[in-house]
Amino acid sequence: MLDEMAEARQERQELREAMLQIQNAVAQLTNIQERITNLLISLDGDRPTILKKLSALETKLDQLLQQNPTD
């Protein structure tokens, strides 16, 4: 009976430790996600993204084609 209680206590302790590890991992992942989001926002705000550059080029090309139709 005492052995069973000691084993149960040990299992509970191991589960507590595992839960703490999981909580720490989730906190780290949340932190990483926030940092990636901030980085992407910074990149988008500081310099034009490739999509914005392509869109600007497309607009300029459309304007040039409208000014000089060669049909």
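In this text the structure is predicted, and so the values were computed from the model without any measurement.

Caption draft 1: Inspection of the overall build of the chain at higher detail. Within the chain, the regular secondary structure consists of 2 helices and 0 strands. Within the chain, buried positions represent 0% of all 71 residues. Split by element, the accessible area of the chain, about 7100 Å² in all, is 58% carbon and sulfur.

Caption draft 2: Summary view of a negative patch on the surface. A surface patch of negative charge is lined by Asp3, Glu4, Glu7, Glu11, Glu14 and Glu17. Among the structural elements, Glu14 can be located in helix α1 (residues 2-46).

Caption draft 3: Focus on helix α2 (residues 50-67). Between its first and last C-alpha atoms α2 spans 26 Å; for 18 residues at 1.5 Å apiece the expected length is 26 Å, and the two agree. Burial analysis of α2 places just 0 of its 18 residues in the buried class, a small minority of the element.

Caption draft 4: Looking closely at a nonpolar patch on the surface. On the surface, a nonpolar cluster with roughly 560 Å² of combined accessible area is contributed by Leu29, Ile32, Ile36, Leu39, Leu40 and Leu43. Considering the arrangement of structural elements, one finds Leu43 in helix α1.

What counts, and where the lines are drawn
Residues numbered from 1 in each chain as written. Predicted model: local features only at pLDDT ≥ 70, side-chain atom pairs only at ≥ 80, totals over all residues. Heavy atoms only, no water. Helix = DSSP H or I, 4+ residues; strand = E, 2+ residues; numbered from the N terminus. Buried < 20%, exposed > 50% of the residue type's maximum accessible area, 1.4 Å probe, protein only. Areas by Shrake-Rupley, 256 points an atom, 1.4 Å probe, with all protein chains shown as cover. Patch = residues over 30% accessible without salt bridge, like charges linked within 9 Å, V, L, I, M, F, W, Y side chains within 5 Å. Salt bridge = Lys/Arg side-chain N within 4 Å of Asp/Glu carboxyl O. Lys, Arg positive; Asp, Glu negative; His and termini not counted. Charge placed at Lys NZ, Arg CZ, Asp CG, Glu CD. Expected span 1.5 Å × (residues − 1).

What is shown is where atoms sit, not what they do.
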